[in-house]
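# Architecture at a glance
The lines below spell out each chain.
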Amino acid sequence: MFKIVEKEILAPNIFSMDILAPRVAASAKPGQFVIVIADETGERVPLTICDYDAEKGTVQIVVQSMGSSTKKMAVYEKGDSFKDFVGPLGVPSEFVNEDLEELKKKKILFVAGGVGTAPVYPQVKWLHERGVKVDVIMGAKTKDLVILEDKLRSVADNLYVATDDGSYGFHGLVTNYIEELVNNQGKEYDVCIAIGPMIMMKFVALTTKKLNIKTIVSLNPIMVDGTGMCGACRVTVGNETKFACVDGPEFDGHLVDFDEALKRQGQYKTEEVKKDHKHHENCVFNGGAK
Ligand code: NAD
Ligand code: FES
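Conventions adopted
Residues numbered from 1 in each chain as written. Chains lettered and ligands numbered in written order. Predicted model: local features only at pLDDT ≥ 70, side-chain atom pairs only at ≥ 80, totals over all residues. Heavy atoms only, no water. Core = buried A, V, L, I, M, F, W, Y, C linked by side-chain atoms within 4.5 Å. Buried < 20%, exposed > 50% of the residue type's maximum accessible area, 1.4 Å probe, protein only. Contact = heavy atoms within 4.5 Å. 1 Å grid on protein atoms, 1.4 Å probe; cavity = no way out; pocket = protein on both sides within 12 Å on 5 of 7 lines; lining within 4 Å. Points joined across faces, edges and corners; volume = space filled by probe spheres on them. Nonpolar A, V, L, I, M, F, W, Y, C, P; charged D, E, K, R; others polar. Phe/Tyr/Trp six-rings, centres within 6.5 Å; stacked < 30°, edge-to-face > 60°. Helix = DSSP H or I, 4+ residues; strand = E, 2+ residues; numbered from the N terminus. Lys NZ or Arg CZ within 6 Å of the ring centre and 35° of its normal. Near = heavy atom within 4 Å. Polar contact = N/O pair within 3.5 Å; in protein donor to acceptor, adjacent residues only side chain to side chain. Areas by Shrake-Rupley, 256 points an atom, 1.4 Å probe, with all protein chains shown as cover.

## Some thoughts on the nonpolar core
Ranked by size, the top nonpolar core spans 34 residues in total, and within it Val111, Ile137, Val204, Leu219 and Phe258 carry the most contacts. With residues near it in sequence (within four places) discarded, Phe258 still touches Met198, Met201, Lys202, Ala205, Val217, Leu219 and Gly253. The next biggest cluster of nonpolar side chains, apart from the first, holds 26 residues, and it includes Val96, Ile108, Leu127 and Val146.

Here it is in structure tokens:
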């Protein structure tokens, strides 16, 4: 069992949990993820790692309760335990193996969208701890949904916040902010790392292609086993079939077939909605009990 040692509400329907998982904490690297199984009947839920502390043996995850499984996880409190916490999974970010001096010469831009801000944090922190300066654009629908701002500000060289409705920071989408920085503020970047909803990553990749900036995206397709066996997380990258769980989750954003990835993700959402309705009917049938 894996104990929840801390829980914090970050925004409406978004919460973080620190899980006691010493072996995962000791080997986690930026870019990797975990699969969480809440209880005996729970589904395998892939979640990005937001932070890890090898000394305390804890791993922080950020969860948005939207489907039936994440809604089930949301009722867990500090002191409760999850049945399984598998990881770290996936290939660490490419820069982890790059020459540090070469890395320090690069101008790096992170683009964090909504809940995708969580996996951006350990990457920026890792680079900051090694003296690599990076800029970060973070986007959210509205001010209430801006998460982890202080944490990111403490490790980013420049943090640029954008909201879709203009309630905080720059008024516009992250893609508008990239264009503003590059076209109007004279910023130059060698590489962009974008993590957020699939649709955001598609449009960030289209924008950076025009601006000739190499782009890495972190894909979050449907995952089932997380070990490369089931094929659920299949994506097409540069006309080759890849499995996000073992070959990724990070890929060259200019080579990903986003339209196919979005279509596959959409099929899954339809199933989730059906399941959510069923879950709701069961709750009503049981007088609201879980
Ligand atoms: P959101 O819909 O609020 O979008 C976040 C930001 O992305 C927006 O503020 C906007 O700036 C930008 N964006 C959205 N659509 C865009 C478009 N069409 N063009 C340009 N920019 C656009 O984000 P959310 O509700 O927090 O997102 C939740 C989604 O993020 C879930 O589907 C979840 O699966 C995904 N997610 C992905 C990862 C990952 O590793 N890629 C990690 C966590 C969550
Ligand atoms: Fe099954 Fe990747 S989740 S192959």
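## Digging into empty space enclosed by the protein
According to the stated counting rule, one finds 2 cavities of 30 Å³ or more in the structure shown. As a volume, the largest cavity reaches approximately 60 Å³. Lining the largest cavity are 13 residues, and of these Gly31, Gln32, Ile49, Pro119 and Gln123 sit closest to its centre. Across the lining of the largest cavity, the residue classes break down as 6 nonpolar, 5 polar and 2 charged. Quantified by volume, the second largest cavity comes out at close to 30 Å³.

## Looking at the packing of aromatic side chains
Considering all chains together, one arrives at 5 aromatic pairs under this definition. Between Phe2 and Phe85, the ring centres sit 6.1 Å apart and the planes meet at 35°, which makes this aromatic pair tilted. Remark: Phe85 occurs in strand 7 (residues 84-89) and Phe2 occurs in strand 1 (residues 2-11); sequence separation between them is 83 residues. An aromatic cluster is defined as three or more aromatic residues linked by ring pairs; in this entry it consists of Tyr160, Phe170 and Tyr177. Sitting over the ring of Phe15, Lys7 keeps its end group 5.0 Å from the ring centre.

## Regarding the site of ligand 1
Around ligand 1 sit 22 residues, and of these Val115, Asp164, Val174, Ser218 and Asn220 come closest. Taking Val115, its main chain carries an N or O atom lying 2.9 Å from an oxygen atom of ligand 1. One of the backbone N or O atoms of Val174 is found 3.0 Å from an oxygen atom in ligand 1. Here ligand 1, which alone exposes 860 Å², has 83% of that area covered by the protein. Secondary-structure elements contributing two or more residues to the shell around ligand 1 are strand 9 (134-140), helix 6 (174-184) and helix 7 (198-211).

By themselves these figures say nothing about function.
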